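Residue strings, one per chain:
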2 protein chains.
Amino acid sequence: MSTATQGSGAMANAAGPALHQKVLDSLGEAIASGELAPGRRLTLDEIQQKYGISRTLARDIMQVLESMNVVYSRRRVGIVVQEPAHWNVFDPKLVRWRLASERRAEQYSSLTELRIAVEPIAAAGAARRASSAERSRLAGLAAELRQYGEAGDLELFLAADIAFHRLLLNSCGNEMFSALDSMVEEVLTSRTRQGLMPFHPSPEALRAHEEVAAAVASGDARTAETSMHRILNEVRNAMGLE
Amino acid sequence: MSTATQGSGAMANAAGPALHQKVLDSLGEAIASGELAPGRRLTLDEIQQKYGISRTLARDIMQVLESMNVVYSRRRVGIVVQEPAHWNVFDPKLVRWRLASERRAEQYSSLTELRIAVEPIAAAGAARRASSAERSRLAGLAAELRQYGEAGDLELFLAADIAFHRLLLNSCGNEMFSALDSMVEEVLTSRTRQGLMPFHPSPEALRAHEEVAAAVASGDARTAETSMHRILNEVRNAMGLE
DNA sequence: GTGTTACAAAAGATGCTACCTATCTGATCC
DNA sequence: GGATCAGATAGGTAGCATCTTTTGTAACAC
């Protein structure tokens, strides 16, 4: 009897290796969107049956959600969706889920405010600590930005803009700032793609990027910071945060 | 034979419910400290035997570490420690592990730079969006700071300082800033306790806290931001970041 | 009759063993 | 040097035992 029913497992296995990922994303999005509201109770059995997965897998997935403080689990009670205030909102998975939900506007505005806070300090850090290769690459990207911006090629402009901001975050010598690079990319991409924040590169923005690059190149932290601040002030105004 | 060895499980079970946590922390600290260097390969079997745990538990724990981008796992290869550049350095668990390691100084300096970036913007946000209860409580905390600071009671001063900065982050209306509150608490606590950054509340700092509270109370975002900046400038100087 | 404590039962996570499968890697063979 | 094959190892499945917490109920006191 102990080995008679083993065969059934093989069938469900056909779904490929990313089963874990799929269920985790599905559950994560349901929570991020509010479909599974805070306080809502789940059980492992429920998850197992809903997604047709094994208990082990359901446990693994819940373990990950618990480690993100998105749910907590207690014996006899089950698995409970946490209040959003407890979530690890810096986890890239959670950011992704929130951006995929109806509430994406809130996530964008939080991320933008975070950029406003972090990027000027990152620019100052880069001016102090970037390698010479990074400094010159930054200047090259600023030149590209002008070129594509004036030519009106939004696609190439976006690519250069992403590269510029990523490089800055990665060369400022603070690994926490560096970890924000993919989120900044997400914001920049979406404001071009989804038109949530229409963007025509203004002469001021182009000039400010060049000033940041120049200040970083010459090691002038204060100017780098204020110039970056100028870039983000436009963003701030465009989003109506002020 | 299939059920003969079931009894052995019960014995190992006596260790309490937090077995998971214990092994996770142990492994996390080993990685954060560099004892398990990037590129180092592990296997589930290894983990199982080293900690005397079951495969299920070992898998759960690795799943969590993988979700933090601290390791990645591939079939036939095993579980590989990631480069620090990929880590989710905003995960509170990871911050805790890094603060527990020999490299805690790096973590403190990253966190301090993050504070310098975020808190002024948070102060501005609070001036715009805090509730009236929050505004008045902030003013009360500023008064407490002066009282305990002048009385020389470092312990009570620390408690009020933590409460002040936490409240500010929690009332600024940005849930990402809010999520940083426990990390700020950690930094404030340690600079008092471990004397890593000796701190005697200066008259300027006391005054700046009051100015932030007053600016938030009156809804003056710009003043709140610059006053908070002044608080952090002292921190910056004290840490020799400039 | 009402409230309070004590105990029993059940629900559900926590942990374990055992198995099979898919996939990658490295060695072997031509 | 390229194809083939064997083995190692995570990914996935099943089922069982245990421990904790809740809840329901019974007994008892007031």
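Refer to the structure printed above.
What you are looking at is a predicted structure, and each value in this text was computed from that prediction instead of being measured.

Colleague: Which parts of the structure should I look at to understand helix H5 (residues 92-100) of chain A?
Modeller: For the α-helix, the turn length of 3.6 residues means that residues three or four positions removed from each other point alike. Those residues of H5 of chain A not exposed but buried are Lys93, Leu94, Val95, Trp97, Arg98 and Leu99 of chain A. Residues of H5 of chain A that are buried in the fold lie against helix H2 (19-32), helix H4 (55-67), helix H6 (104-129) and helix H10 (181-193) of chain A together with helix H4 (55-67) and helix H9 (175-178) of chain B. Regarding H5 of chain A, its N-cap is Asp91 of chain A, as a side-chain oxygen of that residue lies 2.9 Å from the backbone nitrogen of Lys93 of chain A further along.

Colleague: Where do I start with the sheet that holds strand E2 (residues 71-74) of chain B in this structure?
Modeller: Two strands in a sheet stick together by hydrogen bonds in their backbones, pointing the same way (parallel) or opposite ways (antiparallel). Residue and element names in this part refer to chain B. Spatially, the three strands line up as an open sheet ordered E1-E3-E2, and their pairing is antiparallel. The sheet is open, and its two edges are formed by strand E1 (41-42) and E2, each paired on a single side. Relative to strand E3 (residues 78-81), E2 is paired through four bridges, and the arrangement is antiparallel. Bridge pairing in E3 links Tyr72 to Val80. Relative to the sheet, H4 contacts E1, E2 and E3, its axis offset from that of E2 by approximately 120°.

Colleague: Explain the interface of chain A and chain B to me, please; I cannot follow it from the model alone.
Modeller: Bring the parts together and some accessible area is lost; that lost area is often taken as the interface size. On the chain B side, the residues contacting the 41 residues of chain A number 41 residues. Buried area between chain A and chain B, summed over both chains or domains, comes out near 3,600 Å², and the portion from carbon and sulfur atoms is 53%. Run the count over chain A and chain B and you get six salt bridges. Measuring nitrogen to oxygen at the nearest pair gives 2.9 Å for the salt bridge that ties Arg98 of chain B to Glu175 of chain A. In this assembly, chain A and chain B are joined by 17 residue pairs in polar contact (both at pLDDT 80 or more). At the level of elements, H4, H5, H6, helix H9 (175-178) and helix H12 (221-239) of chain A are the ones that each hand at least two residues to the side of chain A that touches chain B. By residue number, the principal contributor to the side of chain A that touches chain B is H6 of chain A, which donates 11 residues.

Colleague: Explain the packing of aromatic side chains to me, please; I cannot follow it from the model alone.
Modeller: Any two aromatic rings considered together are summarised by their centre-to-centre distance and by the angle between their planes. Under the definition given, this model contains one aromatic pair over all chains. An angle of 10° between the planes, with centres 4.3 Å apart, marks the rings of Phe90 of chain A and Phe90 of chain B as stacked. Linking Phe90 of chain A in the loop between strand E3 (78-81) and H5 with Phe90 of chain B in the loop between E3 and helix H5 (92-100), this pair reaches from one chain into another.

Colleague: Where do I start with the pairing of E3 of chain B in this structure?
Modeller: Strand residues, when the strand is regular, have side chains that alternate between the two faces of the sheet. In terms of strand pairing, E1 of chain B meets E3 of chain B through two bridges, oriented antiparallel. Bridging across to E3 of chain B, Leu42 of chain B finds its partner in Ile79 of chain B.

Procedures and definitions
- Residues numbered from 1 in each chain as written.
- Chains lettered and ligands numbered in written order.
- Predicted model: local features only at pLDDT ≥ 70, side-chain atom pairs only at ≥ 80, totals over all residues.
- Heavy atoms only, no water.
- Buried < 20%, exposed > 50% of the residue type's maximum accessible area, 1.4 Å probe, protein only.
- Helix = DSSP H or I, 4+ residues; strand = E, 2+ residues; numbered from the N terminus.
- Contact = heavy atoms within 4.5 Å.
- Polar contact = N/O pair within 3.5 Å; in protein donor to acceptor, adjacent residues only side chain to side chain.
- Pairing = 2+ DSSP bridges.
- Axes fitted to C-alpha atoms, helices over the stretch in contact; angles between N-to-C directions.
- Buried area = accessible area lost by both parts, 1.4 Å probe.
- Salt bridge = Lys/Arg side-chain N within 4 Å of Asp/Glu carboxyl O.
- Phe/Tyr/Trp six-rings, centres within 6.5 Å; stacked < 30°, edge-to-face > 60°.

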